[in-house]
Amino acid sequence: SQGEEPLDLGLAASYVILAGSAVTSGGTVGTVVTGNIGIFPGTAITGFPPAVLNGAVDSANGASG
């Protein structure tokens, strides 16, 4: 049987977290997120630091919407 075709995520491919209202890291030291965070229409992003983000934050802007 054939597998499913890969899904093209387009502009969303660089995001590892996408949210509508809030993004919260539990505050655990040693947490590392590698990739971009996008949130729209909300703007609440908490827990960075102590968590480490290796990427960009797009909050309530054109890139995140």
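Keep in mind that what you see is a predicted model, and the values were worked out from it rather than measured.

Analysis parameters
- Residues numbered from 1 in each chain as written.
- Predicted model: local features only at pLDDT ≥ 70, side-chain atom pairs only at ≥ 80, totals over all residues.
- Heavy atoms only, no water.
- Helix = DSSP H or I, 4+ residues; strand = E, 2+ residues; numbered from the N terminus.
- Rg over C-alpha atoms; globule rule 2.2 N^0.38 Å.
- Buried < 20%, exposed > 50% of the residue type's maximum accessible area, 1.4 Å probe, protein only.
- Contact = heavy atoms within 4.5 Å.
- Pairing = 2+ DSSP bridges.
- Axes fitted to C-alpha atoms, helices over the stretch in contact; angles between N-to-C directions.
- Polar contact = N/O pair within 3.5 Å; in protein donor to acceptor, adjacent residues only side chain to side chain.

Undergrad: Whenever I open this one, the overall build of the protein confuses me. Can you help?
TA: Looking only at helices and strands, the protein has 0 helices and 7 strands in total. Computed over the C-alpha atoms, the radius of gyration of the protein is 14 Å, more than 25% above the 11 Å expected from 2.2 N^0.38 for a compact globule of 65 residues. If you line up the protein on its principal axes, its C-alpha atoms span 45 × 30 × 15 Å. Put simply, the protein has 65 residues, and 22% of those count as buried. Once local pairs closer than 6 in sequence are excluded, the contacts in the protein between residues at least 24 apart make up 10%.

Undergrad: Quick question: what am I supposed to make of the sheet that holds strand β4 (residues 36-39) here?
TA: Through backbone hydrogen bonds, the strands of a sheet pair up, either in parallel or in antiparallel fashion. In spatial order, the strands read β1-β4-β7; together these 3 strands make up an open sheet with parallel pairing. The strands lining the two open edges of the sheet, one partner per strand, are β1 (15-19) and β7 (57-59). Strand after strand, the sheet turns through a mean of 10° between neighbouring axes, direction not considered. In this structure, β4 lies alongside β7, joined through 3 bridges in parallel fashion. If you follow I37 over to β7, its bridge partner there is V57.

Undergrad: It is not clear to me how unusual backbone geometry should be interpreted in this structure. Could you clarify?
TA: Put simply, F48 and P49 share a cis peptide bond, and its omega is -5°. On the secondary structure map, P49 appears in the loop between β5 (44-46) and β6 (52-54).

Undergrad: Can you walk me through the pairing of β4 in this structure?
TA: The two faces of the sheet receive side chains in turn, since in a regular strand these alternate between them. A two-sided burial pattern is seen for β4, the buried positions comprising N36 and G38 on one face and I37 and I39 on the other. The sheet contact formed by β1 and β4 spans 4 bridges and is parallel. For A19, the partnering residue across the bridge sits in β4 and is I39.

Undergrad: Can you help me understand the environment of A22 in this one?
TA: Within the element layout of this structure, A22 appears in strand β2 (residues 22-24). Along the chain, A22 and I37 lie 15 residues apart, while their C-alpha atoms are 11 Å from each other. The contact partners of A22, leaving out residues within four places of it in the chain, are I39 and A44.

Undergrad: How do you make sense of the side chain of D58 when you look at a structure like this?
TA: Among the secondary structure elements, D58 is positioned in strand β7. Separated by 2.5 Å, the side chains of D58 and Y15 make a polar contact.

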